[in-house]
Amino acid sequence: MDKSKIIASKMFITTILETKDELDEKLEKYSALIGKLSAGVSESAANDAYQAYVCKGQPQHEEVQLGLLYNILSDTNTKTAATYYRDMTLTSRDGLTKVLTVTNQLIYEKWIKMLDTPRTQLLWFAKELVKNGVTGADSVIHSLIRQIAGGDVSARNIWLTESVLDILTEHRQWLDKLPQLLPIALYTFLRVIVDHGNRMFLNLRQREVEFCISLLREKWTNCIVIGRDLVRLLQYVARTPEFEKLWRDILHNPTAIHPQFTGVLQLLKMRTSKRYFVSRLTPDMENKLLFLTSKVKFGQQKRYQDWLQRQYLSTPESQSLRCDLIRYICAVIHPSNELLCSDIIPRWAVIGWLLTTCTSNVAASNAKLSLFYDWLFFDPEHDSIMAIEPCILVMHHSMRPHPAITATLLDFMCRIMSNFYLPLAVEVKQGIYTSLRCIVEKRVLPSLSPLFDNNKLDKELRSMIRENFQEFCSAEAIKDEPGSNNNNQKLMMSKDPTANHLNESNNLTDITAEFSEEEEDDIPLPCSSTEKLRGEMNFQPIKEPPKFEPIDITEHVEQLDGEIKRLVSVLQKESDNETQCELMDQLMQTVIREEFDQDTAVILATCLCQLTAAQLSNSILPHDFDDELLEDSIGTPLFVIFRNICQTSEEDPSRQPLLMLLEEMSHKQTRIAYLFLYFLKVSKVQTDEKMLAYKDFCKNMENRDLKTCLMTDLRLCQEDDVRLFSFLIPDIYTQFPSIAIGNSELLHLIVSSIDATQLQDLVCEILRGHLVMFRKDSFVSVLNASLDWDTIEQYFLWQLIATHNIPIEHIMPILPKLDFTAHAEALSSILIQLKQDCPTEELLRPILRRECKKNDFFTVSILKFWAQEYEDKLADLLQSQLTRCGPSPNKKRQKHQLQAANRAKDKDHSMIEPILAHLEHMRQCCRNIQFLMHELVQQGLQHVQNTCPETLKSKYSDLLALVEDIDEMKTTRVLRAVPSRRASAAAAIAKRQGNKKSQMNDDSDNSLSDSSEVRQRPYWYVALCHKVSNVTPDHQMSLLCYRDTDLLHCH
């Protein structure tokens, strides 16, 4: 479409895809009507024309009112806008109700797309409404307050904040008369004060402080309705001098604020209304969040979360918005039971994402406080269980995928009881205990023991939990914990002065309150089953993604000498990338030529890490890449270092200085190592040489072998950049087969981080023969390790196993230890693989030796499937298994053979019982047990009946009764009521399989002579005889004794 054909709008931003909408066109049409009515006449005459047109009816009144509104918003001339406003008020017949409705609609739905001029005019119009005391003007101001975004310091948002503050400050008396709007205005500006800490916003911040202080001092009864979250917001600004004085009065002299105010506890016991949390999200934010939590399926939320991250949470200032989002989710979004039972992403998952993606320690601490805030003074009579449910579920569901989140939240919960506010420590503890009891009573979690007694938590954290929450821990766990006493917590707190979740600089001076603002939380790291941490583990704070701290390298450069110093100085000033690469190459050649010692390496490494900091912090792998883009991605000065190392042969002594330099750089910036792997994969260096370069680099690392270095680098890469990690994996398996193939730790890193697309890439690599991930000798150990992984991780693993076409025989050794309920992922995957194979003795033996349990349908399921697809084969195998018990009566044995058989008899009986148990389970569970009537199965059961002890016969009497019925069928002929001469003739006919017509006549007579006895035959006997192809001639003869109607009825 030609851009010139796009119809521009005076109100909103339009594009080729987003043209004028219906509301815009309607308003523009009404504006044209106003122009037509007022064309060529005076203002007085125009007003008369408006009045005359309005009198025609309600539609005409709406057209004039909205046309004048459009002219006000689209006209930059203030004098003209004032004229339009005057005409609007004179012609209004509904007190501007329609105008206010459309104005609010524009603010709520169109503010983001609105041009600057309409925005400015809308603020002017709102100010006029307030100045003239128009009824309903407060709704417009409330709509504008909603558009003040938290964590946003863009010019537009700052302008809106200042404009609304101007209106409320200038018309303070008007605001004081609105008890609904006043606390929302206070809540909003008290919240955004923390976003305006930069010096450029100093004037705005001071005005906001003065506005909030005046409201709190003068209108306390209107402000206190906010409830406990007013304390939370005041806590964030406690260090401001004006608020410091207010805090002293709140804590020590509450009556100075208001005679009926009893203290901070009165506030903390009041639940904050939902409308205050709603006011802190813009309508656009709210709509996106509601869509995410009500429409998006769990597992498909990543692209929506990425969009929210880019749109609202990408800047350092925006991290404070996470608290608003968490409070909104906990207090406002209360899904129905139907939604809770669906596959929509749960609230705890969204909150977990907000916590794990937080890039600021201060914001992370405030986010945790927001999550726990309703716990501190929880009252079941006034507070909802839905407000505390997300927090406990975040801890519960993060135990395996994100143990650090669970650990830090548990640690926070333990410490907040005594550190939130010492005079109220008892009340806080009671609130948290009440919350936990309510969680158990309402069955949010059936028990807290798995969470509190989790062995993966740090020992000191477990001790602290059992010390503070002994009521909710299992007695066995408390008994097994050695040395759990009060000294543990004192010792931990003494080791780290920041471990109390409080910062002394955030406490109020000369008062006992200890509210937290900037806090560094200690996280106990979980002990992995594949990794033992060295030394005593203390609580560590949540760390931001590894970044190289910017430093001034001027002093370091001065410590260098000669050509190296000159090149580093020039490199520091140069900005062109190509020139930087040339300088870096010259620098590396200088390092090779000149004398280069350890001290110089340390200094130069510091300088180079600083000079390449941007390259180290950015994502290296292109999003959509080809060979050219990959080659371009390594065209920076950092990779020049790697290229020089690879181009120097292993025997060349000049290679050692470069490796020494790279080692020192990796100590300062850990990403160096896996970026070296990336360079080796992408570059054109020969395979053998590239691997030698990395191996030599690892040899230079102190006290670390190749496997340790490789796994450490891959783990760090997985944490930093999953796409790059997945990109490296095929080459890791190809170039380091002895380390990678069959390595359960590496496999867990892969399946715990990749998505469906990356799994597909690995599957394609395997099918093309470029990737092998398993070896026979370690395969069972990998399967054993995978049993503790998450469900999606195990299914990803089984997808990789299936792609490798690993023989099912290699999988069967793990079968006996698998539990039907605990290891559903493994058993279901094995069932699918068994379904593809024909039964063999090697496969059947471990299946039949599984313990038979009532609710374990693994064995009967595969037996039933094989019975349908491979009936004769399975029957033959079962008959072979069943007849191994006891000596064969038809064979002569030597004396020593009989003795050996007797010795093995008891063992055989113990082996035969699981088979009988599974067949009995099959008889009970499966609808059609015709397979058990198979001749070979019957022979096997008959052999068991003849050789097994009485205890087994009694235990499996119903199963063995099938054999008795068959015996009866064989020995008791339905022909016994026929005269012997006819019976002999029939038998002879049956043996010779002679004249079928004669045979049917005899049988017909026979059935008529003894029909009552025939009807007593069991139903399965008729069904068996009906399958003529699988029965003996004798049974065919008996079958003919039944009338057709009997057969149809029984079948």
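In this numbering scheme, every chain counts its residues from 1 along its sequence in written order. Thresholds applied to this predicted model are a pLDDT of at least 70 for local features of residues and 80 or more for the giving and counting of side-chain atom pairs; totals over whole chains, interfaces and linings are not thresholded and use all residues. Heavy atoms from the whole structure form the basis of all side-chain values; hydrogens and water molecules are not counted.

Short version of the rule: UniProt positions are given in the numbering used here, feature names are shortened, and annotations may be inferred rather than shown by experiment.
If you check an unreviewed UniProt entry, the protein appears there as SOSS complex subunit A homolog from Ridgeia piscesae. If you open the UniProt record of the protein and go to Sequence similarities (unreviewed entry), you find "Belongs to the Integrator subunit 3 family."

1. Describing the overall build of the protein
Operational definition: Secondary structure follows DSSP: runs of H or I at least 4 residues long count as helices, runs of E at least 2 residues long count as strands, and numbering of each begins at the N terminus. Residue exposure (1.4 Å probe, protein chains only): buried if accessible area is under 20% of the type maximum, exposed if over 50%, otherwise partly exposed. Here, residues are in contact when the closest pair of their heavy atoms is within 4.5 Å. In these tables, accessible area is a Shrake-Rupley quantity obtained with a 1.4 Å probe, and a residue counts as shielded only by the protein chains included in the view.
Helices and strands together make up the secondary structure of the protein, namely 61 helices and two strands. Every one of the 1051 residues in the protein was classed for burial, and the buried ones make up 51%. Considering only intrachain contacts with a sequence separation of at least 6, the fraction spanning at least 24 residues in the protein is 72%. Carbon together with sulfur atoms contributes 50% to the accessible area of the protein, which is approximately 50200 Å² in total.

2. Digging into helix α18 (residues 302-312)
What counts here: It is the directions from the helix axis to the C-beta atoms that the arc portrays.
Regarding α18, the residues found buried are Gln305, Leu308 and Tyr312. Burial along α18 is one-sided: seen end-on, the buried residues are contained in an arc of 60 degrees. Exposed and oriented more than 90 degrees from the buried face of α18 are Lys302, Arg303 and Arg310. Elements that come into contact with the buried residues of α18 comprise α17 (283-295), α19 (321-331) and α21 (347-356).

3. Comments concerning the nonpolar core
How we decide: Nine residue types can take part in a nonpolar core, namely buried Ala, Val, Leu, Ile, Met, Phe, Trp, Tyr and Cys, and a core is a set of them joined through side-chain atoms within 4.5 Å.
Formed by 169 residues in total, the largest nonpolar core has its most connected members in Leu144, Phe243, Trp375, Ile392, Phe452 and Phe469. Residues contacting Ile392, with those up to four places away along its chain left out, are Trp375, Leu436, Ile439, Val444, Leu445, Leu448 and Leu451. Counting residues in hydrophobic clusters, the runner-up holds 142 residues, among them Ile634, Cys709, Ile830 and Leu844.

4. Thoughts on the side chain of Ser92
Rule in force here: Polar contact criterion, stated in full: a pair of N or O atoms within 3.5 Å, where within protein one must be able to donate a hydrogen and the other to accept it, and residues adjacent in sequence count only if both atoms are side-chain atoms.
Positionally, Ser92 belongs in the loop between α4 (78-91) and α5 (97-110). Side-chain polar atoms of Ser92 contact the side chain of Asp94, separated by 3.2 Å. Within the local environment of Ser92, its side chain forms a polar contact with the backbone nitrogen of Gly95, the two atoms lying 3.3 Å apart. Setting aside anything within four residues of it in sequence, one finds Ser92 in contact with His61 and Gln65.

5. Regarding a negative patch on the surface
Quick note on the threshold: A patch is a set of surface residues, each over 30% in relative accessible area and not in a salt bridge, joined within 9 Å for like charges and within 5 Å for the nonpolar side chains Val, Leu, Ile, Met, Phe, Trp and Tyr. Salt-bridge detection follows one rule: a side-chain nitrogen of Lys or Arg within 4 Å of a carboxyl oxygen of Asp or Glu. A positive count includes Lys and Arg, and a negative count includes Asp and Glu. His and the chain ends are not counted in either. A charge is said to be at NZ when it belongs to Lys, at CZ for Arg, at CG for Asp and at CD for Glu.
Taken together, the side chains of Asp626, Asp627, Glu628, Glu631 and Asp632 make up a negatively charged region of the molecular surface. Residue position: Glu628 is located in helix α35 (residues 627-633). Residue class for Glu628 comes out exposed when judged on its relative accessible area of 58%.

6. Description of the pattern of salt bridges
This model, assessed by the stated rule, comprises 42 salt bridges. Put simply, Arg327 and Asp229 hold a salt bridge, and the shortest N to O gap is 2.8 Å. Remark: Asp229 occurs in helix α13 (residues 228-236) and Arg327 occurs in helix α19; sequence separation between them is 98 residues. For the pair Arg327 and Asp229, a shared accessibility class is recorded, and that class is buried. Connected via shared salt-bridge partners are Arg228, Asp229, Arg232, Arg327, Asp374 and Asp383.

7. Some details on unusual backbone geometry
Even without glycine at this site, Arg443 takes up a positive phi of about 60 degrees. Note that Arg443 resides in the loop between α25 (425-441) and α26 (449-452).

8. Points about the packing of helix α40 (residues 706-720) against helix α43 (residues 744-751)
Applicable threshold: To obtain an axis, a line is fitted to C-alpha atoms, over the contacting stretch when the element is a helix, and the angle between two such axes runs from 0 to 180 degrees between their N-to-C directions. An angle below 35 degrees is read as roughly parallel, one above 145 as roughly antiparallel, one from 65 to 115 as roughly perpendicular, and any other as oblique. Charged means Asp, Glu, Lys or Arg here, nonpolar means Ala, Val, Leu, Ile, Met, Phe, Trp, Tyr, Cys or Pro, and polar covers whatever is left, Gly included.
Following both chains from N to C, one finds α40 and α43 inclined at 10 degrees, their axes separated by 10 Å at the closest point. Accordingly, the angle class assigned to the pair α40 and α43 is roughly parallel. Every residue of α43 that contacts α40 at Met711, Leu714, Arg715 and Gln718 is listed here: Glu745, Leu746 and Leu749. Its residues placed into classes, the contact of α40 with α43 shows four nonpolar, one polar and two charged.

9. Here we look at the packing of aromatic side chains
Our working definition: Only Phe, Tyr and Trp rings take part, Trp by its six-membered ring, and two of them pair if their centres are within 6.5 Å. Stacked means planes under 30 degrees apart, edge-to-face means over 60, and tilted covers everything else. To sit over a ring, a charge needs its Lys NZ or Arg CZ within 6 Å of the ring centre and within 35 degrees of the ring normal.
For the coordinates displayed, the defined rule picks out 27 aromatic pairs. Where Phe377 meets Phe420, the ring centres are 6.3 Å apart and the plane angle is 65 degrees; that geometry is what we call edge-to-face. One end of the pair, Phe377, is in the loop between α22 (361-376) and α23 (385-397); the other, Phe420, is in the loop between α24 (403-419) and α25, with 43 residues separating them in the sequence. The rings of Phe639, Phe642, Phe676, Tyr678, Phe679, Tyr694, Phe697, Phe727 and Phe736 are connected pair by pair, giving a single aromatic cluster. Above the plane of the ring of Phe727 lies Lys681, whose end atom (NZ or CZ) is 4.6 Å from the centre.

10. What to know about the side chain of Thr91
With respect to the element layout, Thr91 can be found in helix α4. Overall, the relative accessible area of 0% leaves Thr91 in the buried class. Within polar-contact distance, the side chain of Thr91 engages the backbone oxygen of Asp87 at 2.8 Å. Excluding anything up to four places from it in sequence, Thr91 contacts Asn47, Tyr50, Gln51, Val54, His61, Val64, Gln65 and Leu68.

11. Quick notes on the environment of Asp458
For Asp458, the location among the structural elements is in the loop between α26 and α27 (459-468). On the accessibility criterion, Asp458 (4% relative accessible area) is buried. Along the backbone, Asp458 and Ala407 are 51 residues apart, and their C-alpha atoms lie at a distance of 8.1 Å.

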